[in-house]
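Letter by letter, the chains look like this.
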Amino acid sequence: VVSYEADCAVTVTPAVDDPTVEVVFETGYEDGDVILQGDGGIFTVVSDVKHSGEKSMMVETTANWNGVQYTLDNSAGTEPATYTVSAYVRKVNDEDVATVRYVMANTPYTQFGTLNLTTEWQKFEVDIPVDAGTSFAIRLAPVDEQSEISYYVDDIKITKTVDEPSAPDIYFEDFYIAY
C-alpha cells in the first residue's frame, strides 16, 4: 500500500497476509483407533454414545494425570504459534462429579482452562501459546482434586496459527518526484 501526503512524503505499508492456520490433528474415532492415550486409565472406543459420526472414546481415569494427550510441536518454528485445541466432552452419568482441564503433561504442569461436565455434549476449547523452537504435551485430564472419573470425548480438533511478523512501515521524508 502506497500513500502520498500533501508535502510529497510517501508512506509504504506492506500488505500483511492473514495468519496461517493449519489443521494439525483431527479425530472422531471413526476408525476405531484408540489414539491420543495418556499414561494410565482405560481408553475404550464406543459406539453407543457419540457427539457425531458413529463412535467416540470413553475415558476412565484412576489418577488426575490420566487422559487423552497430544504433543503441540513448534520445535521447527521460527515464530511463536497458537494452538487451538477443541474437543466435545460429557460425563458418563449424573452421579459423577467430573471436571476436566487441559494441562501440560510435563513440568511446569500449566493448566489451560477447566470445564464442569454434564451429561450433555459440551465443546471445550482453549488457545495455547507455544514459543518458537519448543514443544510440549497437552492432556485432557481430571482436575487435581478428582482422580477417578469417567467421561466421553469426541471430535477432537487441533489447529496451529502462526502470525507472520509484520514488516515495518517505510516512510520517506522530503521525497521528490522528478518529471
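Shown above is the structure to which this text applies.
A. Summary view of the overall build of the protein. Scanning the protein for helices and strands turns up zero helices and 13 strands. Secondary structure elements of the protein, listed N to C terminal, follow the sequence β-β-β-β-β-β-β-β-β-β-β-β-β. Per-residue burial for the protein yields a buried fraction of 39% across its 179 residues. Within the protein, residue pairs in contact and separated by at least 24 positions form 74% of the contacts whose partners lie at least 6 positions apart. Entry remark: accessible area of the protein is about 10100 Å², with carbon and sulfur atoms responsible for 48%.

B. Highlighting a negative patch on the surface. A cluster of acidic side chains, namely E30, D31, D33 and E54, defines a negative patch on the protein surface. With respect to the helices and strands, the residue D33 is situated in the loop between strand 3 (20-27) and strand 4 (42-46).

C. The arrangement of the side chain of N66 in detail. Relative to the elements of secondary structure, N66 occurs in the loop between strand 5 (56-60) and strand 6 (68-74). Residue N66 is classed as buried on the basis of its relative accessible area, which comes to 0%. A polar atom in the side chain of N66 sits 2.7 Å from the backbone nitrogen of T62. Engagement of the side chain of N66 in a polar contact is seen with the backbone nitrogen of A63, the distance being 2.9 Å.

D. Region of interest: the packing of aromatic side chains. Summed over the entire model, instances satisfying the criterion amount to four aromatic pairs. With a centroid separation of 6.4 Å and 10° between ring planes, the pair formed by F112 and F136 is classed as stacked. Pair noted here: F112 is in strand 9 (residues 111-116) and F136 is in strand 11 (residues 134-142), with a separation of 24 residues, a long-range link. Note on F112: relative accessible area 16%, which makes it buried.

E. Quick peek at the pattern of salt bridges. This structure, assessed with the given rule, holds two salt bridges. We note a salt bridge from D144 to R101, for which the minimum N-O separation is 3.1 Å. Highlighted residues: D144 in the loop between strand 11 and strand 12 (150-162) and R101 in strand 8 (residues 99-104), separated in sequence by 43 residues. Among the residues examined, R101 registers a relative accessible area of 7% and is labelled buried. Close ionic contact of E125 with K123 constitutes a salt bridge, the shortest N to O distance being 3.3 Å. Relative accessible area serves as the criterion here: at 43%, E125 is assigned to the partly exposed category. Of the residues examined, K123 reaches a relative accessible area of 46% and is grouped as partly exposed.

F. Inspection of the sheet that holds strand 9 at higher detail. The four strands are arranged 6-11-8-9 in an open sheet whose pairing can be described as antiparallel. Each edge of the open sheet carries a strand with a single partner, namely strand 6 and strand 9. Each neighbouring strand pair of the sheet contributes to a mean axis angle of 15°, computed without reference to strand direction.

G. Representation of the nonpolar core within the structure. One finds V68, L72, V100, Y102, I128, L140 and V153 to be the most contacted residues of the largest nonpolar core, which totals 32 residues. Mapped by element, the contributors of at least two residues to this core are strand 5, strand 6, strand 7 (81-91), strand 8, strand 9, strand 10 (122-130), strand 11 and strand 12. Look past the residues within four positions of L72 in its chain and what remains in contact with it is Y83, V85, I128, V130, T134, S135, F136, I138 and I158.

What counts, and where the lines are drawn
Residues numbered from 1 in each chain as written. Predicted model: local features only at pLDDT ≥ 70, side-chain atom pairs only at ≥ 80, totals over all residues. Heavy atoms only, no water. Helix = DSSP H or I, 4+ residues; strand = E, 2+ residues; numbered from the N terminus. Buried < 20%, exposed > 50% of the residue type's maximum accessible area, 1.4 Å probe, protein only. Contact = heavy atoms within 4.5 Å. Areas by Shrake-Rupley, 256 points an atom, 1.4 Å probe, with all protein chains shown as cover. Patch = residues over 30% accessible without salt bridge, like charges linked within 9 Å, V, L, I, M, F, W, Y side chains within 5 Å. Salt bridge = Lys/Arg side-chain N within 4 Å of Asp/Glu carboxyl O. Lys, Arg positive; Asp, Glu negative; His and termini not counted. Charge placed at Lys NZ, Arg CZ, Asp CG, Glu CD. Polar contact = N/O pair within 3.5 Å; in protein donor to acceptor, adjacent residues only side chain to side chain. Phe/Tyr/Trp six-rings, centres within 6.5 Å; stacked < 30°, edge-to-face > 60°. Pairing = 2+ DSSP bridges. Axes fitted to C-alpha atoms, helices over the stretch in contact; angles between N-to-C directions. Core = buried A, V, L, I, M, F, W, Y, C linked by side-chain atoms within 4.5 Å.

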